Amino acid sequence: MTPAPVPGEAVVLRRSRLLQQWQLVLPLALFFAAFVLGPLALLGYVSLHADVSLEEASLTQYTKFLGDGFNLGVLGATLWLGLKVTLLTLLIGYPLAYLYSVSTSRWQGVLMLLIVLPLLTSAVVRTFAWLVILGRQGIVNELLVAVGLFEMPAKLLYTPAAVVVALAQIELPLMVLPIITVLAGIDPNLRQASLSLGAGSWRTFLRVILPLSAPGVLAGCLLVYASSVSAFVTQTLVGGGQQMFMPFYIYQQAIQANNYPFAAAIAMILLASVLAIVVTVNLLARRMRGVVHG
Amino acid sequence: MRSESVASRAERGTFNAVVGALSAIAIVLLIAPTLIVLLVSFTSGQSLRFPPPGWSLRWYQALFTDSPDLWRAATLSLQVAGTATAISTVLAVCGGLALARQPRLWARFLDSVFMSPLMLPTLALGLGLLVWFNVFGTGVSMVTLVIGHTAITTPYILRTTCASLSQLDEVLLESAKSLGAGPLFAFRTVTLPLILPGVAAGAFIAFMMSFDNVAISLFLSDARSEVLPIRLWNIIESNLDVRAAAVSGVLIAVTTVLVIVMERVVGVSRHVR
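Values in this document were obtained by computation on a predicted structure and should not be read as measured data.

### Topic: the overall build of chain B
Alright, step 1. In terms of regular secondary structure, chain B is built from 12 helices and 0 strands.
Alright, step 2. Its C-alpha radius of gyration of 24 Å places chain B more than 25% over the 19 Å reference for a compact globule of 273 residues.
Alright, step 3. The principal-axis extents of the C-alpha atoms in chain B amount to approximately 80 × 70 × 30 Å.
Alright, step 4. Summarising the internal contacts of chain B: among those between residues at least 6 apart in sequence, 70% fall at separations of at least 24.
Alright, step 5. For chain B, the exposed area adds up to about 12600 Å²; of that, 67% sits on carbon and sulfur atoms.
Alright, step 6. Computed over 18 positive and 14 negative side-chain charges, the inter-centroid distance for chain B is 5 Å.

As C-alpha cells, then:
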C-alpha cells in the first residue's frame with residue numbers, strides 16, 4: 001500500500017514557493033511602481049490642473065486641447081502617420097517575411113542579419129541617413145535630375161511622404177520579425193495540401209497562409225504603430241518644423257513653453273489613444289483566433 | 001508527376017514575381033541608407049553631397065583631433081547604458097524566474113505591466129519622470145538618467161529571460177532537487193547556465209536601445225551631461241556637420257561587429273522575435 005500523501009506538506013511546499021516568487025518579483029515591481037506607474041499617475045494628476053502651481057483642479061487642459069482645431073489636427077496627423085507607416089511596412093514587410101520562410105537555411109541566416117542589423121543600429125543614425133538621401137544634394141535628387149525627370153533638385157525632405165518612408169524603413173524589422181515567427185509555425189503540409197488540391201499560389205496564400213499568420217501580422221502592426229506615433233527623433237528631423245506631431249508637441253510645451261499641465265495633458269491623450277488602439281486590436285485578435293480555430 | 005498547366009504556371013509566376021519585387025524593395029530599404037551614410041562619411045568635401053566629390057578620411061580624423069564634445073558624450077552614453085543594463089539585468093532575471101511559466105492572473109498582469117514601456121510613448125514616460133523627480137526635489141542627474149534608462153531596458157531582458165525559462169526542461173530542475181541541490185545551488189549550476197544565452201541576448205539588445213535612446217535622456221539629463229544620440233541630433237539639426245556622418249560610420253561599424261559576434265555566441269536573432 002502506498003502511503004497517502006500528507007496534505008500539509010504540499011501546502012507548505014506550495015506556500016514557500018509562492019513566497020519565493022513574491023520575493024523574486026518584488027524588486028522589479030517596486031522599481032516599476034516608483035519609476036513607471038508613479039510618474040505616469042503623477043502626469044495624469046498634473047494634467048488635471050489649470051496652472052503650473054497645481055492649485056486649481058480642472059479639466060481646462062483637456063477642453064483646451066479637444067476644443068481647438070490646431071490641436072486636434074496634430075493628434076489626427078500623428079495617428080494618421082502611424083496608420084500610413086503601418087500599412088507601408090506591412091506591404092513590403094510581409095513579402096520579406098514570406099521570402100524568409102521559404103528560403104534555405106543559409107539564406108535565412110543572411111536575411112536575418114539584414115533584418116536584425118538595422119533594428120540594433122542607432123535610430124538617430126538611420127534617421128540621419130534619410131537626411132543624406134533626401135537632401136537637395138542627396139542621391140534621390142541627383143538621380144532624378146540625371147535621368148531628366150526633374151530639372152532642378154526638388155524639396156523632398158520635410159514633406160509628409162518623407163516622414164512616412166523614413167519611418168517605414170526604420171520600423172520595418174518590427175513588422176517582419178513577428179510575421180517570420182508565425183510563418184515558421186505553420187505546418188508546411190497545409191500549403192502542400194492546398195496546392196495539390198488545385199488551389200493556385202494566390203489562393204493558397206490568401207485562403208491558407210494569410211489567415212494562419214494573422215496573429216503575427218497583428219503583433220507586427222501594433223509594434224510598428226505604437227513605435228511610429230512616438231518616434232520623436234525621426235518625426236522631428238525628417239518632418240522639419242512645419243509638420244507638428246504629438247511627441248514634439250509634448251516636448252515643446254514642456255521644455256520650451258514650460259507649460260507642464262498642458263504638456264501632461266497632451267502626453268495623456270497620446271498615451272490613451274495608443275492604449276485604446278492596442279486594446280482594440282488585441283480584442284479583435286482574440287476574436288479572430290476563435291474564428292481560425294473554429 | 002502531373003504536368004503543370006500553362007495557366008497555373010503563369011499564376012505561380014506572378015505570385016513569385018510580386019513576392020520577389022516587394023521583398024527586393026524591402027531589402028534595398030533595409031541596407032541602402034546605412035551604406036549611403038558609410039560612403040558619405042568618407043567624403044573629401046564640406047557637405048553631405050552624394051555621390052561625394054572625392055574620398056578622404058578627414059572627417060574621421062576630425063573625430064580624433066577636435067571633437068572632445070563627442071568623446072564626452074560617448075563616454076557618458078557608455079556609462080549610462082552599461083549601468084542601466086546591469087541593473088535591469090538583475091531586476092529582470094529575478095522577475096523572470098517568478099513570472100515565467102506562471103499562468104496565474106497576477107503573474108500575467110505583472111508581466112504586461114513590466115512589458116508596457118515597449119508599447120507606451122517613451123516621451124510621456126520621460127516627462128512623467130521629470131515631473132516626478134522635480135516634485136520629490138531630487139532634480140535631474142546621472143542617477144535619474146540611469147533610472148529612466150533602466151525602466152525602458154528592463155522589458156527587453158525580461159522577455160528573453162522568460163522565453164529561455166519557458167524552454168527549460170523542468171525535469172532537469174526536478175532531478176537537481178532530488179539529488180539534494182538547494183534552490184540557490186540549482187539556480188547557479190542548472191538554470192543560469194541554460195538561460196544565460198537568452199539573458200545575454202536580452203542584455204545586449206537592452207544596451208543598444210539605451211545607448212540610442214533620445215526621448216528619456218532629453219528630459220532626464222542636466223545641461224552639462226549630453227548623451228551621444230542627443231549630441232548627434234544637435235549636430236544634425238544645427239549645421240549638418242559631416243562629422244555626424246563619421247560618428248554614424250563608427251556606430252554602424254561597431255554595431256555590425258557586435259551583432260555578428262553576439263549572433264555567433266548567443267544567437268541574438270533567435271531572441272529578438
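More follows now that the structure is in view.
### A word on the domain arrangement of chain B
How big an interface is tends to be expressed through the accessible area that disappears when the partners come together.
Alright, step 1. For chain B, the domain assignment lists domain 1 (1-30) and domain 2 (67-272).
Alright, step 2. Measuring from the centre of the C-alpha atoms in domain 1 of chain B to the corresponding centre in domain 2 of chain B gives 40 Å.

### A look at helix α8 (residues 183-212) of chain B
Alright, step 1. Here α8 of chain B contains 30 residues, and its C-alpha end-to-end distance of 38 Å is more than 12% below the 44 Å for a straight helix at 1.5 Å per residue.
Alright, step 2. The axis of α8 of chain B is deflected most strongly, by about 50°, at Leu-192 of chain B, and proline Pro-193 of chain B appears within four residues downstream.

### Description of the side chain of Ser-77 of chain B
Alright, step 1. Its place among the elements puts Ser-77 of chain B in helix α3 (residues 68-99).
Alright, step 2. Residue Ser-77 of chain B is classed as buried on the basis of its relative accessible area of 4%.

### Side note on the nonpolar core
Alright, step 1. Formed by 179 residues in total, the largest nonpolar core has its most connected members in Phe-114 and Leu-127 of chain B.
Alright, step 2. A per-element tally of this core places helix α13 (residues 260-292) of chain A first, with 14 residues.
Alright, step 3. Per-domain counts for this core show at least three residues from each of domain 1 (1-30) and domain 2 (67-272) of chain B.
Alright, step 4. Residues in contact with Leu-127 of chain B, not counting those within four places in the same chain, are Leu-43, Ile-250, Ala-254, Tyr-260, Ala-263, Ala-264 and Ala-267 of chain A together with Phe-219 of chain B.

### Quick word on the confidence of the model for chain A
Residue and element names in this part refer to chain A.
Alright, step 1. Looking at chain A, the pLDDT average stands at 87 and 91% of residues meet or exceed 70.
Alright, step 2. Within chain A, the element-level pLDDT minimum falls on helix α1 (residues 7-47), averaging 78, and the maximum on helix α3 (residues 69-102), averaging 95.
Alright, step 3. Under a pLDDT of 50 for its full length, residues 4-13 has, in the predicted model, 0 contacts with residues more than four places off or in other chains.

### Comments concerning the side chain of Gln-253 of chain A
All names here are of chain A.
Alright, step 1. Take Gln-253: it is sitting in helix α12 (residues 246-256).
Alright, step 2. Assessed through its relative accessible area of 13%, Gln-253 is described here as buried.
Alright, step 3. Not counting residues up to four positions away in its chain, the partners in contact with Gln-253 are Asn-258, Asn-259, Phe-262, Ala-263 and Ile-266.

### A closer look at the packing of helix α10 (residues 228-238) of chain B against helix α11 (residues 243-266) of chain B
In helix packing, the relevant descriptors are the interaxial angle and the interaxial distance, both defined with respect to the helix axes.
Residue and element names in this part refer to chain B.
Alright, step 1. α11 packs onto α10 with a crossing angle of 145° between their chain directions and a minimal axis gap of 9 Å. You can see that α10 and α11 cross each other, and the crossing is left-handed. Contact residues: Leu-228, Leu-232, Ile-235 and Ile-236 in α10; Arg-243, Ala-244, Val-247 and Leu-251 in α11.
Alright, step 2. In the contact of α10 with α11, the residues fall into 7 nonpolar, no polar and 1 charged.

### A short note on the interface of chain B and chain A
Alright, step 1. Between chain B and chain A, the residue contacts involve 82 residues of the former and 86 residues of the latter.
Alright, step 2. Counting each side, the surface lost to burial between chain B and chain A is near 7800 Å², with a carbon and sulfur contribution of 82%.
Alright, step 3. Across the chain B-chain A interface, the total number found is 1 salt bridge.
Alright, step 4. Note that Arg-49 of chain B and Glu-142 of chain A form a salt bridge whose closest N and O atoms lie 3.5 Å from each other.
Alright, step 5. On inspection of chain B and its partner chain A, the count reaches 9 residue pairs in polar contact (both at pLDDT 80 or more).
Alright, step 6. Counting residues per element, the side of chain B that touches chain A draws most heavily on helix α1 (residues 6-40) of chain B, which supplies 18 residues.
Alright, step 7. Partitioned by chemical class, the residues of the side of chain B that touches chain A number 63 nonpolar, 12 polar and 7 charged.

### Details of a nonpolar patch on the surface
Alright, step 1. Together, Leu-39, Phe-42, Trp-55 and Leu-57 of chain B give the surface a local cluster of nonpolar side chains, amounting to about 410 Å² of exposed area.
Alright, step 2. Taking relative accessible area as the criterion, Leu-57 of chain B reaches 52% and is therefore assigned exposed.

### Quick word on the pattern of salt bridges
Residue and element names in this part refer to chain B.
Alright, step 1. Under the defined criterion, the tally for this structure stands at 5 salt bridges over all chains.
Alright, step 2. When the shortest N-O distance is used, the salt bridge between Asp-111 and Arg-108 registers 3.6 Å. Pair noted here: Asp-111 and Arg-108 are both in helix α4 (residues 105-115), with a separation of 3 residues, about one helical turn.
Alright, step 3. Given the relative accessible area of 35%, Arg-108 is considered partly exposed.
Alright, step 4. A network of salt bridges, in which partner residues are shared, links Asp-69, Glu-226, Arg-231 and Arg-243.

### Looking at the packing of aromatic side chains
Alright, step 1. Enumeration according to the criterion identifies 21 aromatic pairs over all chains in this entry.
Alright, step 2. Consider the rings of Trp-202 of chain A and Phe-15 of chain B, whose centres lie 5.1 Å apart with planes at 90°: the pair is edge-to-face. Pair noted here: Trp-202 of chain A is in helix α9 (residues 201-212) and Phe-15 of chain B is in helix α1, and the two residues belong to different chains.
Alright, step 3. Taken together through their ring pairs, the aromatic side chains of Phe-31, Phe-32 and Phe-35 of chain A together with Phe-114 and Phe-133 of chain B make up a single cluster.
Alright, step 4. Lying over the aromatic face of Phe-262 of chain A, Lys-64 of chain A brings its terminal NZ or CZ to 4.1 Å of the ring centre.

Definitions and cut-offs
Residues numbered from 1 in each chain as written. Chains lettered and ligands numbered in written order. Predicted model: local features only at pLDDT ≥ 70, side-chain atom pairs only at ≥ 80, totals over all residues. Heavy atoms only, no water. Helix = DSSP H or I, 4+ residues; strand = E, 2+ residues; numbered from the N terminus. Rg over C-alpha atoms; globule rule 2.2 N^0.38 Å. Contact = heavy atoms within 4.5 Å. Areas by Shrake-Rupley, 256 points an atom, 1.4 Å probe, with all protein chains shown as cover. Lys, Arg positive; Asp, Glu negative; His and termini not counted. Charge placed at Lys NZ, Arg CZ, Asp CG, Glu CD. Domains from an automatic or database assignment. Expected span 1.5 Å × (residues − 1). Bend = angle between axes of the 7 residues up to and from the residue. Buried < 20%, exposed > 50% of the residue type's maximum accessible area, 1.4 Å probe, protein only. Core = buried A, V, L, I, M, F, W, Y, C linked by side-chain atoms within 4.5 Å. pLDDT = per-residue confidence, 0-100. Axes fitted to C-alpha atoms, helices over the stretch in contact; angles between N-to-C directions. Left-handed = near helix turned anticlockwise from the far one by under 90°. Nonpolar A, V, L, I, M, F, W, Y, C, P; charged D, E, K, R; others polar. Buried area = accessible area lost by both parts, 1.4 Å probe. Salt bridge = Lys/Arg side-chain N within 4 Å of Asp/Glu carboxyl O. Polar contact = N/O pair within 3.5 Å; in protein donor to acceptor, adjacent residues only side chain to side chain. Patch = residues over 30% accessible without salt bridge, like charges linked within 9 Å, V, L, I, M, F, W, Y side chains within 5 Å. Phe/Tyr/Trp six-rings, centres within 6.5 Å; stacked < 30°, edge-to-face > 60°. Lys NZ or Arg CZ within 6 Å of the ring centre and 35° of its normal.

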